[in-house]
Structures are given as structure tokens and as C-alpha cells.
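Summary of structural features
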Amino acid sequence: MWRLRRAAVACEVCQSLVKHSSGTKGSLPLQKLHLVSRSISHSHCPTLKLQRPQVKTSFQQFSSLTNLPLRKLKLSPVKYGYQPRRNFWPARLAARLLRLRYLILGSAVGGGYTAKKTFDQWRDMIPDLSDYKWIIPDIVWEIDEYIDFEKIQKALPNSEDLAKLAPDLDKIVESLSLLKDFFTTGHKLVSEVIEASDLLLLLGSPGETAFRATDHGSESGDKHYRKVSDKEKIDQLQEELLHTQLKYQRILERLEKENKELRKLVLQKDDKGIHHRKLKKSLIDMYSEVLDVLSDYDASYNTQDHLPRVVVVGDQSAGKTSVLEMIAQARIFPRGSGEMMTRSPVKVTLSEGPHHVALFKDSSREFDLTKEEDLAALRHEIELRMRKNVKEGCTVSPETISLNVKGPGLQRMVLVDLPGVINTVTSGMAPDTKETIFSISKAYMQNPNAIILCIQDGSVDAERSIVTDLVSQMDPHGRRTIFVLTKVDLAEKNVASPNRIQQIIEGKLFPMKALGYFAVVTGKGNSSESIEAIREYEEEFFQNSKLLKTSMLKAHQVTTRNLSLAVSDCFWKMVRESVEQQADSFKATRFNLETEWKNNYPRLRELDRNELFEKAKNEILDEVISLSQVTPKHWEEILQQTLWERVSTHVIENIYLPAAQTMNSGTFNTTVDIKLKQWTDKQLPNKAVEVAWETLQEEFSRFMTEPKGKEHDDIFDKLKEAVKEESIKRHKWNDFAEDSLRVIQHNALEDRSISDKQQWDAAIYFMEEALQARLKDTENAIENMIGPDWKKRWMHWKNRTQEQCVHNETKNELEKMLKCNEEHPAYLASDEITTVRKNLESRGVDVDPGLIKDTWHQVYRRHFLKTALHHCNLCRRGFYYYQRHFIDSELECNDVILFWRIQRMLAITANTLRQQLTNTEVRRLEKNVKEVLEDFAEDADKKVKLLTGKRVQLAEDLKKVREIQEKLDAFIEALHQEK
């Protein structure tokens, strides 16, 4: 009882000491007492349990691997420069204050009792949460099955071990001397402290043994023994802590897995609308859309686009793709053994979602990344898109492929995978491949806000790296570079000096500086390994790695999980720092573009290239539809006229003239029938189809190119011309039309019955026009042959050449011969040619037989056509004789009947072709035009090529800048709301 009484007095003294402390108010917290004081426990207060304070760190540790040995913490000794004065009462005071530790012990006991009462009060205030146990996973309630708390309690140091860690009492004396001024305030207070110290000496506390263990009278051999035992116990504690961390690691992984499944269920419920709330776009999706618009705005990446991206660069086969796949948690990229697979930049947007899927920006198809067949299809699609982007004669392309990857637990960020940097151009590559890769990489890394993820192969010599020099040029201070060393398992196995790996990670081996250094393992080199197997292999390797056990690497510098956390944190930090500045920049750009448009095109609406294309598309379709509104009469007139122009030469030269030069009507009709049959079987149907197709093209071109008055916009001319040419190129006439047309034409030419006088007159008129046209052509040919006549020579001062004079003398001689025999046949006999030649030589004109024949052909042709026209004039009144079959009449008009047959065939053919045009070909042409327009709409390069000009480009830039600004404003608003 007396011991309890003395302990209570001691506690009251401790409390009075705390209350009378100068410059403080209230009670002194337990954490501010000395380390040794906190480690002491009163044996007479069994209910008091002192809890070990938690260790708080000031840095965020991106680590999922926590089983690393703890570093020894060294307490720097505090030196005090104040020395006590040598007088009587201070010495007595110092001697008595040596017992102050018992006073502190009493305070600890009192404070612990007060803390327990406070804890009991708080516990009573907390409501009963037993009904909500279902919220917490079962693993939390079963945690005692995985952790041996009794073993941990046994491993904790006892009071004797804590006494060994206590500071030297000499230093305590020195520190207590600083309290002299405090105790000199009143002799009464000093007396109370001394009496309390004497009272504490009588308690016989178990802690006294701990203080005696640190006495200066101990021998040096005991100190050496204690040091050895301390080292052994520290090693034992580290080993126990390592096993405990392993158990915690397994529990954390299980909790993360359950959390991932719970988040997946929540997101699935949101997708199904169970909560009946409208889900907004995620922050990273909004940011990715901004980057896509910027990429469309300027594919060459020359704009003032300084928005952050994670640019992944590295030497070829350094493991870039593997690192990205580990971050995306899926094998999504094409793979090849030593072959260049990344041929164009791939922008990968990582975001969180209920399902692990991937989809392209311009496609709605989702690839399920949990299924191997979808993964294979995705890799094949990426490879096809890369090869499509690469132009002929090139190996790589600057065009970006945009891919979104969603899944539970993914870190939100935007990564751009670039083609691997090469040192040598091999066979099969374009000569400029190396320079092109360098230019693409520099274009992305020049962005001052781009995070450069520099990938270095740890299994090869560091001196062989090319990319480190390139990164050092782009980011010499390393303010936005993260260095990643891959294949560390091979490096540790093959490198003779592990310190070399440490030098690489710490940035001492390269001149390149970096914001952070990481070491990762991306599998055993087997392309069929799953992501989960690679992650397990990576964590197992680092758990057993000497690099960690020897403290060459830190826990937060290893594994791709820590890397993704660090990169995501750096990415969002960059985004928050730069996005508002970029938004202001685009606002200024928008104002400048709007001002320029108002000054140059004040009365025009701002139409970008796509809107202009839609407007031109509507105009073209309207013009195609107008083809169907052409009257049948117009079609038939054009077709008939054009077809006669094409066949008139053949009809006159090959059918009419040979038949007309025969001696009687029977021979004439026989010759005409034979030649018409041959003509119909071989040439006529094909020629008619050609004429119809050309007529359709001409009419289509006329509607497409003719000006529309004030509403005509010449900006569409190039597009319309291209659509017209491509549509005509794709159009093919129906082959069956030619066969049916042949039958129709043959039947029309066999008919010889002229029904009325009107048809007879029309045939005569048609014949006269044809013959007069031929006669005019013949006279022109003769005029060119003999030169100008006497009128032109006198009026225009023109003279004949020597050759023309020879032709003129020959013509005159041949005309004399025709006057003597007007019924002369079409060909000259040999003796006639000799006679003409001798007559000309007698007048001093030397000619050869070939010149005589050529001149005769034109002279006889003119003579024959004039005779035929005279005969045609006689046949005007011959319809009556035709009805009587020219019986008892010397007049025979078989040539009129021939031209009537030709004219009727032309009319029937034109009618047939017109029906085919209006019923079939116009619709097929309209369909071709629509297909061409659809193809042009999907081809951005075509639209840029065909719709050009300052007006188009200005409207295009203005629309893009507005869209970028709006998306940036929405993203900034969402970013502020998330904060």
C-alpha cells in the first residue's frame, strides 16, 4: 500500500511539474517525452499499455514490393555548449536532479492512465458497427490467421534492450543544466523537486535496472558484448520483418484483387444505368480527345502544341513495347524477332473501365483483351494500319495511330510509342529510315511538356546505346525524363560487376540526366507469356535480387507497377501545370483567325473543308439528277446527228459510191445489201454504243462545268472535274445492249418501203445534205491542191507554187477528158494516163502517174457528186414512180431509197439508245458518282488536294482552333471539379 501511495504522490509531482512549466499550457504529450521515458512501464499499473508510435514518412513511396531490409537510422548526438558554474547550491541541485528520471517515469504512468480513460470514453461514444461488417472484406477479419502477433510481440525489445539504447547520462546532465534559469525562479519549487526525487528513489522501480545498465562504471568488455548482441538482434529483427512484409504483401495483393473486382462491379452497374445517373466522360478521355484534335489540326506537329504526353523512346529491341504492354496489362502490339515492328507512332490512351477492352479512335469495334483471339485480331489490325500509313518507298511513317485501352486498375495517362532508334540501315529499309526516325522522335520530344520515357536495354553494353545521346540533346537538365532499365534479370546474371547496374540506375554512367530511374523485368523473352506470369516473375526476381538486398536499388525504383504509378503521377502534374497556359494560347490564336476572316471574307459563312465538300456533293448530285430531265427529243437529235457524223464517211465512200458506179439498178441494190449486212454485223452496233457513251459524257460534263451565274463558286471546279473523270472511268456500258442493237439495226436496214411523200422528201433532203457536204469537202481539197484561183490571186496577192501549177495543169487536162465522156468510170486506164502525161509534156509540164491518179480521184469525185445532186433533184417528183416500182419510167431512184434506209436506221438507233440512256445508264452513272463522292469523303488527302485555297485553309484552322479551345475549357473545368 505504501508503494502505491508513493507512486500516486510521484505522479502528482510529475503533473505539478508539467503544470508549472514556463511557456507551456496544458499537459505535455507523451510523444514529447524522452525515448527512454516512453519505454518504461509501471509494474503497479497493469492496465496501462503503451502503444508504439507509427513511423511517418514525408515522401510518397510508389512501391508494391515492401520486403526490403530496413536501413539503420543513426541518431545524431546533440551537443550543448553550456557548462554549469562551480558553486555549492548548483552542485547540490544537479546531484538531486540525477534522480529526475523517476519523476519522468511517474509522469509517463499518469499520462498513460489518463490516456486509457480517454480511450474508454471514446470507445463508449462509437456506435455499434457490427451490422456493417459486410462492407469490409473478409480478409480483414481473418488477418490474425496470416500474422503471428505473439511472435512479433516476442520479437519486440524488452526494457533491458531499451536500456541499452538509452543515451549517456552525462549528456542528460549537460542538458539539465540548461534548466537552471527555470529552477531559480523559486527555492520552494526546487525543494519540492528534490523531495519528489527522494521519494521516487524509494519506489524501487523495475526501470532502475535499465538505467544502471547504462552506467559509466561498466567495463569496456561488457560494451563490446552488448554491441555484438545488438547486431545479432537487429539481423533477427530484419529477418522477421522481411517475413512479415511477405505476409502483408500477399494480403495486400488479395485486397487489391477484391477491390478491383468491386470497382468493376460498380462500373458495370453504372453502365447498365442501375443508379439512373448520367455518366460523364472520364478526365483522361477528354484529354485524349484534345490530343486527337490537335493531331488532326497539324499532322506534322509544327503547331504550338505543348500539351503533355508520355513519349516512349528507345533503341530497337530495347523492350519499349514490352514496357508499354506491362503498363497496359495486355499484349496488344505486334511482335517480331529482331524485326522493326513499330513503323509509325501509336498513341495509347489508358483509362479505367469495367472491362479490359481496346478500341481505335475511328472505329466502334471493341477488342476484348481477356480473349486471345481478340488480342491476335488487335495486333493484326495495328500492323495493317501501320503498313497502310507507310507510303511507297518508305519504311516508317509520321502518321499517328490512336488507340484507347480501358480496364480496371489502369493508370490514367497518354503514351506515344515511337519507332525504335536504329544505328544502321539494313537491307529492305528505305535509305532515309534512320533520319526519318530521328526527326519523328525529335518532333515529339521537342515539346517542353512531354515526358520522355527513355528505355535502355540492361542486357547489352551501355556504350552501344544511341537514344541516350538523343534524349540528352532534347532534355539536357533531365527535368522531364524518366530512365527505365529493362531486362535487369539478364543484366544481373551476365554483368560481372553489379555496381555497374547501380551506376546506370543512378545516372552516373551516362551524361544523360533524368527525373527518376527505374529497373524492370519484362519476362523471360517468351512472346507467349501472359502479363500475369510476367508480373509474378518480375516480383519474384526483385524479392530475391542482390541489387535490393545490398541496397543498390530502392524499392520504389523497381517493377513496372511502380513505374506506371510514377509516370502517371508525373503526367498529371505536368498536365495541371501547363493546360491552362495552352488554353490561353489557343484563345489568342482563335481571336487572330476570326479577325482575319472578318477582314477578308465578311459576307461568307465559315465553312471548313468537310462542310464545303458536303455542299459540293449536293451540287454534283443535283447536276446528275438533271440528266434525267433532258427531253427525249433532245437525246435523239444529239444521238442521231452524232452517229451520222461518225458513219457518214463509211456510208458515202464504202457503200454509196461503189454501188452508184455500177451499171444498173440490180447491181446497185445487191452491192448495197451486201455492204450494209457486213457493216451491221461488225462495226455499226459498236460504233453506236460508243456514240451513246460519248454523248452521255458530254451532257454530264456540260451540266457539271457550265457556270451557274452569281451562285457559281469556282472553289468546287477542281472537285467537280475529278468526280466527273473518276465516274466516267468507272462507268461501263451494258454489254447486252450491243447485241440487241445489232438486231434492231439489221431489221431497220432491210426495210425499203417508204410509206408517204413526206418520208420521200425527207430522204431526198437528207441525201442532198450529205452529198453537198461531200462536194464541199472535195472542192476544198481541189483548191488546196491547185492553189488560189484568179480572184484570190488578184484580190489577196497570192501566187501558186510550182507543185500547185502542175496540179492545176493536170486538173485541166483531166476535165477535158471528162467533158468528152461524162459517163467515164471511176478509174483511169493505163493508156489514158499515158495520153494525159504526153499532153502535159507537150506543154512543158512534167508529171508522174501517181500525181495524175491523185488529181483524177478528186476531179472525178467532184464530177460524180454534181451528177448525183442533179439526179437527186430529178427524183423529187419520183415518189409516184416509186409506188409503181418505176415501171414504164426511165427514172430510177435507188440511191434515194438507200439514204431513206440509212436515215430510218439512224432514227431507230437513236431512239433505242435514248431509252437505254434514260432507263439504265443515267442511273448507273448517278450511282457511280455517289460511290466516287463517298470514296472522296473518306480520303482526307483527296479533299485537301481538291479543295484548296486561302479561304478553305483559314476556315479549317478556325474550326479546329475553336474545337480545341472548347475541349480544353471543358477539360479544365472537369480538372477543377476533380480537385
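Shown above is the structure to which this text applies.
Fair warning: this is a prediction, and the values are worked out from it, not measured in the lab.

With that settled, consider the overall build of the chain. When its secondary structure is counted, the chain shows 38 helices and 9 strands. Counting only residues that meet the buried cut, the chain has 42% of its 979 residues in that class. In the chain, of all internal contacts separated by at least 6 residues, the share reaching a separation of at least 24 is 81%. For the chain, the accessible surface area stands at approximately 56600 Å², while carbon and sulfur atoms represent 51% of it.

Okay, the state of the cysteines next. A full pass over the atoms with the stated rule returns 1 disulfide. One disulfide in the model links Cys875 with Cys893; its S-S distance is 2.1 Å. Because the sign of the S-S torsion sets the handedness, a value of about -100° for the bond joining Cys875 and Cys893 places this disulfide among the left-handed ones. One end of the pair, Cys875, is in the loop between helix 34 (849–874) and helix 35 (879–883); the other, Cys893, is in the loop between helix 35 and helix 36 (894–938), with 18 residues separating them in the sequence. Free cysteine Cys872: the closest other cysteine sulfur is in Cys875, separated by 6.6 Å.

With that settled, the discussion passes to the packing of helix 17 (residues 433–445) against helix 18 (residues 467–474). Packing of helix 17 against helix 18 leaves a shortest axis separation of 10 Å and a crossing angle of 35°. As for how helix 17 packs across helix 18, the hand of that crossing is right-handed. Across the interface between the two elements, Phe438, Ser441, Lys442 and Met445 from helix 17 touch Leu470, Val471, Gln473 and Met474 from helix 18. By residue class, the composition of the contact of helix 17 with helix 18 is 5 nonpolar, 2 polar and 1 charged.

Checked against the element boundaries, Met474 lands in helix 18. A sequence separation of 32 residues divides Met474 from Lys442, and the C-alpha atoms of the two residues are 7.3 Å apart. Sequence-distant contacts of Met474, defined by excluding residues within four places in its chain, comprise Lys442, Met445, Gln446, Ile452 and Arg480.

A few words on a negative patch on the surface. A cluster of acidic residues, Glu399, Glu931, Glu934, Glu938, Asp939 and Asp941, forms a negative patch at the surface. In terms of residue count, helix 36 provides more of the negative patch than any other element does, 3 residues in total. Inspection of the secondary structure puts Glu938 in helix 36.

This brings us to the packing of aromatic side chains. Two aromatic rings, taken as a pair, are described by how far apart their centres are and by the angle between their planes. Overall, the coordinates contain 17 aromatic pairs when judged by the stated rule. Pairing Phe360 with Phe367 gives two aromatic rings, centres 6.1 Å apart and planes at 90°, and the pair type is edge-to-face. Judged by relative accessible area, Phe360 falls into the buried class, the value being 2%. Take Phe367: its relative accessible area is 3%, and that puts it in the buried class. Note on Tyr860 and Phe864: the rings are 6.4 Å apart at their centroids and 25° apart in plane angle, and the pair reads as stacked. Placement of both Tyr860 and Phe864 in helix 34 is noted, with a separation of 4 residues, approximately one turn of the helix. For the pair shown, Tyr860 and Phe864 are each scored as buried. The aromatic ring of Phe360 is capped on one face by Arg385, whose charged end is 4.0 Å from the ring centroid.

As a further point, take the pattern of salt bridges. Tallied over the full model, the rule gives 41 salt bridges. Glu539 serves as the salt-bridge partner of Arg561, at 3.8 Å between the closest nitrogen and oxygen. Placement of Arg561 in helix 23 (residues 560–600) and of Glu539 in helix 21 (residues 531–544) is noted, with a sequence separation of 22 residues between them. With its nearest N and O atoms 3.0 Å apart, the salt bridge here joins Arg730 to Glu726. Here Glu726 and Arg730 lie together in helix 28 (residues 717–730), a separation of 4 residues that amounts to about one turn. Under the relative-accessibility criterion, Glu726 is labelled partly exposed at 23%. If you follow the salt bridges from partner to partner, you end up with Arg590, Glu594, Glu606 and Arg962 in one network.

A few words on empty space enclosed by the protein. In the structure shown here, the tally under the stated rule is 2 cavities of 30 Å³ or more. One number sums up the size of the largest cavity: a volume of about 50 Å³. Together, Met340, Met341, Arg343, Glu383, Met386 and Arg387 line the largest cavity. Across the lining of the largest cavity, the residue classes tally to 3 nonpolar, no polar and 3 charged.

We now examine the sheet that holds strand 2 (residues 346–351). In spatial order, the strands read 4-3-5-2-6-1-7-8-9; together these 9 strands make up an open sheet with mixed pairing. Edge positions in the sheet fall to strand 4 (367–368) and strand 9 (516–519), since each of these pairs with one other strand and no more. Taken together, the 5 bridges between strand 2 and strand 6 (residues 413–417) define a ladder with antiparallel strand orientation. What sits directly across from Val348, in strand 6, is Leu415.

In terms of burial, strand 8 (residues 481–486) is largely enclosed, as 6 of its 6 residues are buried. The pairing of strand 7 (residues 451–457) with strand 8 spans 6 bridges and is parallel. Paired with Asp457 across the strands is Thr486, a residue of strand 8. Relative to strand 9, strand 8 runs parallel, the two being bridged by 4 bridges. From the neighbouring strand, Ile482 faces strand 9, where its bridge partner is Gly516.

This brings us to unusual backbone geometry. Of note, the phi angle at Ser317 is positive, near 65°, even though the residue is not glycine. The topology assignment puts Ser317 in the loop between strand 1 (310–314) and helix 15 (320–328). For Thr559, which is not a glycine, the phi torsion comes out positive at approximately 75°. Here Thr559 is to be found in the loop between helix 22 (546–549) and helix 23.

This paragraph deals with a positive patch on the surface. Together, Lys718, Lys729, Lys942 and Lys945 make up a region of like positive charge exposed at the surface. Elements represented by at least two residues in the positive patch include exactly helix 28 and helix 37 (940–946). Considering the arrangement of structural elements, one finds Lys945 in helix 37. Since its relative accessible area comes to 57%, Lys945 is described here as exposed.

Where helix 28 contacts helix 36, the two axes come as close as 9 Å, and the packing angle between them is 125°. With respect to helix 36, the axis of helix 28 lies oblique. As for how helix 28 packs across helix 36, the hand of that crossing is right-handed. Judged by residue contacts, Leu719, Ala722, Val723, Glu726, Ser727 and Arg730 of helix 28 engage Leu925, Asn928, Val929, Glu931, Val932, Leu933, Asp935 and Phe936 from helix 36. Of the residues that constitute the contact of helix 28 with helix 36, the class distribution is 8 nonpolar, 2 polar and 4 charged.

With respect to burial, strand 1 is a largely interior element, 5 of its 5 residues being buried. Here strand 1 shows no split at all, with Val310, Val312 and Gly314 on one side and Val311 and Val313 on the other all buried. Pairing geometry for strand 1 and strand 6, over 3 bridges, is parallel. Paired with Val310 across the bridge in strand 6 is Leu415.

Moving on to the nonpolar core. Core analysis: the biggest nonpolar cluster contains 101 residues, and Trp644, Tyr656, Trp679, Trp760 and Ile902 have the highest contact counts within it. If one sorts the elements of this core by residue count, helix 36 sits on top with 17 residues. Judged by nonpolar contacts, the second largest core, of 68 residues, contains Val310, Leu375, Ile455 and Leu563.

What counts, and at which threshold
- Residues numbered from 1 in each chain as written.
- Predicted model: local features only at pLDDT ≥ 70, side-chain atom pairs only at ≥ 80, totals over all residues.
- Heavy atoms only, no water.
- Helix = DSSP H or I, 4+ residues; strand = E, 2+ residues; numbered from the N terminus.
- Buried < 20%, exposed > 50% of the residue type's maximum accessible area, 1.4 Å probe, protein only.
- Contact = heavy atoms within 4.5 Å.
- Areas by Shrake-Rupley, 256 points an atom, 1.4 Å probe, with all protein chains shown as cover.
- Disulfide = S-S within 2.5 Å.
- Axes fitted to C-alpha atoms, helices over the stretch in contact; angles between N-to-C directions.
- Left-handed = near helix turned anticlockwise from the far one by under 90°.
- Nonpolar A, V, L, I, M, F, W, Y, C, P; charged D, E, K, R; others polar.
- Patch = residues over 30% accessible without salt bridge, like charges linked within 9 Å, V, L, I, M, F, W, Y side chains within 5 Å.
- Salt bridge = Lys/Arg side-chain N within 4 Å of Asp/Glu carboxyl O.
- Lys, Arg positive; Asp, Glu negative; His and termini not counted.
- Charge placed at Lys NZ, Arg CZ, Asp CG, Glu CD.
- Phe/Tyr/Trp six-rings, centres within 6.5 Å; stacked < 30°, edge-to-face > 60°.
- Lys NZ or Arg CZ within 6 Å of the ring centre and 35° of its normal.
- 1 Å grid on protein atoms, 1.4 Å probe; cavity = no way out; pocket = protein on both sides within 12 Å on 5 of 7 lines; lining within 4 Å.
- Points joined across faces, edges and corners; volume = space filled by probe spheres on them.
- Pairing = 2+ DSSP bridges.
- Parallel < 35°, antiparallel > 145°, perpendicular 65-115°, else oblique.
- Core = buried A, V, L, I, M, F, W, Y, C linked by side-chain atoms within 4.5 Å.

None of this, on its own, says anything about what the molecule does.
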